[in-house]
Amino acid sequence: MKPFAYVRPGSVEEATDAYASRPGARYLGGGTNLVDLMKLGVERPAALIDVSRLPLDAVEELPDGSVRVGATVRNSDLAAHPLVRDRYPALSQALLAGASGQLRNAATTGGNLLQRTRCPYFQDLSKPCNKREPGSGCGALEGVHRDHAVLGHSDHCVATHPSDMAVALAALDARVELHGPEGTRSVPAAGFHRLPGDHPERDTEIEPGELITAVVLPARPAGLPSAYRKARDRASYAFALASVAAVVEVTDGVVAYAGLAFGGVAHRPWRARRAEEALLGAAPTVAAFEHAVDLELTAARPLRDNAYKVPLARGLALDVLARLTASARA
Amino acid sequence: MPEPATAPGAPAERREGRLKVTGSARYAAEHPSPGRLQAWPVPAAVARGRVTRIDTAAALDLPGVVTVLTPDDAPRLAESDDATLAVLQDARVPHRGWFVALVVAESLEAARDGAAAVHVAYAAEEHDVTLTETHPAGYVPEQANGGYPAVREQGDPEAAFASSETRVDVRYRVPPLHNHPMEPHTTTAHWEDGRLTVHTSSQGSGVVRAVLAQLFELDEERITVHAEHVGGGFGSKGTPRPDVVLAVMAALRTGRPVTVALPRRFLPAVVGHRAPTLHRLRLGAAPDGRLTSLLHEVTTHTSHVKEFVEQAATPARVMYAAASSRTAHRVVPLDVPTPSWMRAPGEAPGMYALESAMDELAAELGMDPVDLRVANEPETEPDSGKPFSSRHLVECLREGARRFDWDRRDPRPRTWAEGDLLIGTGVAAATYPVMMWPSKASARALPDGTFLVRINAADIGTGSRTVLAQIAADVLEVPLERVRIEVGSTELPAASLAGGSSGTASWGWPVHEACTRLAALLGDRSGPLPGQGLATEADTAGRADADSPYARHAFGAHFAEVAVDTVTGETRVRRLLGVYAAGRILNARTARSQFVGGMVMGLGMALTEGSTVDAAFGDFTESDLASYHVPAHADVPDIEAHWVDEDDPHLNPMGSKGIGEIGIVGTAAAIGNAAHHATGVRFRELPLTPDRILTGLTGR
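Anyway, here's the lowdown on the structure attached to this text.

What counts and how
- Residues numbered from 1 in each chain as written.
- Chains lettered and ligands numbered in written order.
- Predicted model: local features only at pLDDT ≥ 70, side-chain atom pairs only at ≥ 80, totals over all residues.
- Heavy atoms only, no water.
- Buried < 20%, exposed > 50% of the residue type's maximum accessible area, 1.4 Å probe, protein only.
- Helix = DSSP H or I, 4+ residues; strand = E, 2+ residues; numbered from the N terminus.
- Pairing = 2+ DSSP bridges.
- Axes fitted to C-alpha atoms, helices over the stretch in contact; angles between N-to-C directions.
- Left-handed = near helix turned anticlockwise from the far one by under 90°.
- Contact = heavy atoms within 4.5 Å.
- Nonpolar A, V, L, I, M, F, W, Y, C, P; charged D, E, K, R; others polar.
- Expected span 1.5 Å × (residues − 1).
- Arc of directions from axis to C-beta.

## Points about the pairing of strand β11 (residues 254–263) of chain A
Residue and element names in this part refer to chain A.
Working step 1: Along β11, 8 of the 10 residues are buried, which leaves the element largely enclosed by surrounding structure.
Working step 2: Here strand β10 (residues 242–251) runs beside β11; their pairing, made up of 9 bridges, is antiparallel. Looking at the pairing, Thr251 lines up with Val254 of β11.
Working step 3: Linking two consecutive strands that pair antiparallel, namely β10 and β11, is a turn of 2 residues; a positive phi of about 50° is found at Asp252 within it.

Below you can see the structure in the form of structure tokens.
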């Protein structure tokens with residue numbers, strides 16, 4: 001770990017100013033990933049701008065019924081928040097499916113979105129990785145890649161995004177609020193993370209210096225069915241082999257709204273737009289679900305050793321869709 | 001009235017428990033050492049080749065970096081029996097992760113930064129890290145680990161197998177497994193006035209001292225090794241590891257105390273691992289289930305540094321009566337890190353394969369798997385013909401079946417579903433040999449009415465302090481609180497290492513004997529004791545290691561219930577039961593902890609643990625605890641461990657057998673057999689992760 005400066009700004013503006021004035025700076029949230037990467041030498045920031053104590057720790061309902069989650073709200077607090085549990089159960093479930101109790105107590109909402117892939121080649125400086133060192137190659141493409149992507153990957157990178165929370169946010173049509181030198185903007189959570197393409201070193205659409213200030217969940221009635229389900233190697237504290245977040249509304253016997261996203265299968269939470277389109281207006285039958293999910297997964301291109309992820313993601317999606325619509329189908 | 005804590009088997013609490021839970025127990029990196037330096041090794045970044053140049057200039061320029069040891073200038077070592085300790089002695093790179101330099105600095109951070117700044121150039125060579133049964137470099141070794149002959153054959157097993165009415169011919173694979181004790185391997189070394197003092201995390205400080213004496217050509221009298229508290233080892237701290245050698249070298253170079261605390265990620269390459277094993281099992285049986293032929297053939301890997309052969313075919317020499325048998329090992333030297341001991345080497349992977357095959361045979365025969373094992377109970381040890389000193393496998397199986405409600409099991413596979421879950425149950429036997437080594441102990445009666453027992457035993461978290469004090473108090477017929485015990489230092493009477501489940505037997509014996517002598521001395525005299533008290537000693541050399549006319553083993557049975565999720569392929573254990581016959585149990589609390597701990601590790605072996613040898617880079621991909629999945633609490637259901645009383649006069653004065661390892665033996669087979677019962681599919685490669693389960697379920 002090389003020596004670095006540590007600053008603790010008192011406001012969002014101070015934070016972005018501090019970032020702008022210090023080349024090589026990184027924002028620090030709970031530190032559950034960044035600090036590990038610094039120890040490994042993957043991240044070598046010149047300065048850490050500790051934003052974890054900025055006054056962004058509220059979960060509040062806005063006048064239009066949407067819910068704004070401050071960037072420094074801890075994962076465990078967000079998972080337990082009554083508004084989240086009532087209206088966005090998929091988000092609460094996704095948060096609780098991630099990491100361990102100790103990590104969730106430390107990890108922030110903003111930091112969770114910005115965590116890096118756990119690809120072993122990315123974490124090992126003695127091996128090639130285009131994400132860590134553009135142009136050096138991808139160790140996982142022909143290497144050990146059971147945990148890697150089956151959707152949207154490129155020859156440059158087959159890593160997956162590790163967040164559970166981000167998958168739920170993508171399915172729930174959340175938006176990410178950013179504050180940067182150019183002012184404030186917001187982007188859809190489903191479009192916040194990128195596919196690797198030719199530039200796997202860029203995980204997200206965030207611009208240098210921009211700071212996540214909040215995540216905004218759209219207005220939803222309490223009781224709108226949503227759920228998150230994750231498959232993993234052990235019962236706790238393991239990243240998703242595949243996961244699914246879904247929200248489904250059935251009105252008058254047909255699907256009136258569907259949000260579906262896969263985790264653990266791509267470089268970003270994989271919003272299943274084709275499946276959603278196929279579901280809209282359809283009766284919530286197993287056959288309709290199969291048709292929709294299969295349509296989505298025709299895009300899958302498994303690597304040598306991870307073909308199991310396609311039936312796994314399929315099974316998870318069918319299960320979650322069936323459970324969410326069980327009462328409508330009864 | 002609670003039972004007196006000195007009663008044999010009483011559940012006395014760990015003596016150091018309070019120190020540990022309050023964080024005041026000091027481990028090898030934590031002893032105060034003014035002026036102490038920290039060191040960080042540089043691992044080789046190629047899997048095979050030579051170091052051609054090491055540029056340390058950038059590292060030495062960094063603030064806080066004191067020196068860098070390289071193969072060019074590190075202190076020369078004398079030869080030892082363990083080639084893995086010959087670090088920084090030449091330019092050869094025998095495997096990825098082999099240490100090629102050591103950065104010594106004022107702080108851990110500076111040392112780590114320095115290590116990143118060391119530039120190493122290599123002449124890399126083609127490497128081969130892939131184990132196959134037919135690998136052309138494979139050979140039959142003279143011996144497998146433990147000194148067992150590599151091959152044993154009785155009768156004509158091939159012919160007997162060919163003519164058997166019922167046959168099972170199956171292959172299993174156990175992946176590389178890693179010990180990963182909670183406390184990584186750590187040593188602090190300090191030279192002062194020509195004397196060397198070492199604090200290290202070790203299962204046997206006496207072994208460390210002997211090896212250091214050899215390597216540094218020192219009189220053992222000039223070396224003191226302390227291992228007061230040890231955060232686990234599971235075999236990987238049974239012998240010294242490179243951290244010890246590097247710390248002593250760096251202390252020699254700098255004249256200051258130096259700590260080498262190996263980073264977690266470096267462990268897989270340098271502290272040993274359980275080698276992967278490829279098993280072929282052929283079982284032939286008569287219609288009544290009796291084995292006509294048993295062939296267990298194992299292929300495993302070792303490194304080019306030294307030969308280590310996981311003795312996975314040896315339990316088949318103990319378990320079942322078979323008219324003909326062949327148990328054989330073949331080893332392939334590859335460009336991999338050197339394997340070594342991991343909890344129940346041999347038995348853990350071997351019994352996974354044998355007990356899985358027995359389950360397959362039971363299915364072929366249409367026989368209950370408990371009954372099949374009972375039908376093959378031998379009268380004497382099959383390989384040696386020796387009588388058993390005691391053997392209560394059948395009792396363990398029957399008692400386990402009773403507790404588990406085995407009789408209510410529908411033997412047909414895939415007959416029990418709960419929603420998407422398929423439920424199944426399975427059974428497997430367990431065995432572990434009785435091992436004992438000579439040790440010395442002293443006992444002293446003090447004028448204040450207390451007693452001091454001293455022995456260089458190791459307490460690696462097992463509770464050996466506690467149980468040795470119980471043995472002493474029992475013999476002396478005094479309350480437990482009046483016995484003080486000192487362990488974990490070479491300043492104490494020499495004792496064997498904590499390995500092979502031998503500790504309590506090996507150390508308890510001289511403690512028992514010294515205390516027996518002391519009790520006799522005290523009984524013969526009257527009046528106050530002299531100021532320094534009265535002391536006795538005992539040494540079991542020539543007796544603890546004497547050949548026994550008996551075959552001595554502990555036995556057990558494991559029963560498991562699993563749920564397999566047909567949507568996700570996730571397999572989780574719902575119930576796990578172990579019943580053991582392991583001589584006399586000396587402390588019910590710490591014994592249960594040993595049994596349950598072994599079973600949890602067996603659960604991990606079955607479901608979550610395993611690493612991948614990266615063919616391109618030559619190392620183990622899963623090198624940290626985020627990717628090498630030991631079971632989390634959520635994976636561990638209610639586990640029950642019980643034991644049947646066993647009175648065996650052919651062991652030691654306590655009548656005890658070892659209990660540290662048998663909990664991991666056969667557990668994975670019981671879980672795998674349950675997975676078959678649940679799904680109707682045989683899974684023959686561990687661990688049973690969702691990818692394998694889903695592939696198996698969809699392929700049927």
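Text resumes after the structure shown.
## A short note on the packing of helix α8 (residues 347–365) of chain B against helix α14 (residues 667–679) of chain B
All names here are of chain B.
Working step 1: α14 packs onto α8 with a crossing angle of 35° between their chain directions and a minimal axis gap of 8 Å. For the element pair α8 and α14, the recorded crossing hand is right-handed. Between α8, through Met351, Tyr352, Glu355, Ser356 and Asp359, and α14, the contact on the second element is made entirely by Ala668, Ala669, Asn673 and His676.
Working step 2: When the residues that make up the contact of α8 with α14 are grouped by side-chain class, the tally is 4 nonpolar, 3 polar and 2 charged.

## Things to note about the sheet that holds strand β22 (residues 451–454) of chain B
Residues and elements named next belong to chain B.
Working step 1: As summarised here, the arrangement of the 4 strands in space is β23-β22-β21-β24, forming an open sheet in which the pairing is mixed. The sheet is open, and its two edges are formed by β23 (483–486) and β24 (534–539), each paired on a single side. Looking at each pair of strands side by side, their axes are set apart by 15° on average, direction ignored.
Working step 2: Of the pairings in the sheet, the one linking strand β21 (residues 440–445) to β22 comprises 4 bridges and is antiparallel in character. In the strand pairing of β22, Ala443 is matched with Val453.
Working step 3: Lying over the sheet, helix α11 (residues 464–476) contacts β22 and β23, oriented at roughly 140° with respect to β23.
Working step 4: Sheet contacts for helix α12 (residues 503–524): β21, β22 and β24; angle to β24, the most-contacted strand, approximately 145°.

## Side note on helix α12 (residues 286–297) of chain A
Given 3.6 residues per turn, any residue in an α-helix points the same way as the ones three and four places further on.
Residues and elements named next belong to chain A.
Working step 1: Between the first and last C-alpha of α12 there are 16 Å, a value that for 12 residues agrees with the 16 Å anticipated at 1.5 Å per step.
Working step 2: All of the buried residues in α12 are Ala288, Phe289, Ala292, Val293, Glu296 and Leu297. Taken around the axis of α12, the buried residues stretch over an arc of 155°, which confines them to a single face.
Working step 3: The inward-facing, buried residues of α12 abut β11, β12 (270–271), α11 (273–279), α13 (309–324) and α14 (326–329).

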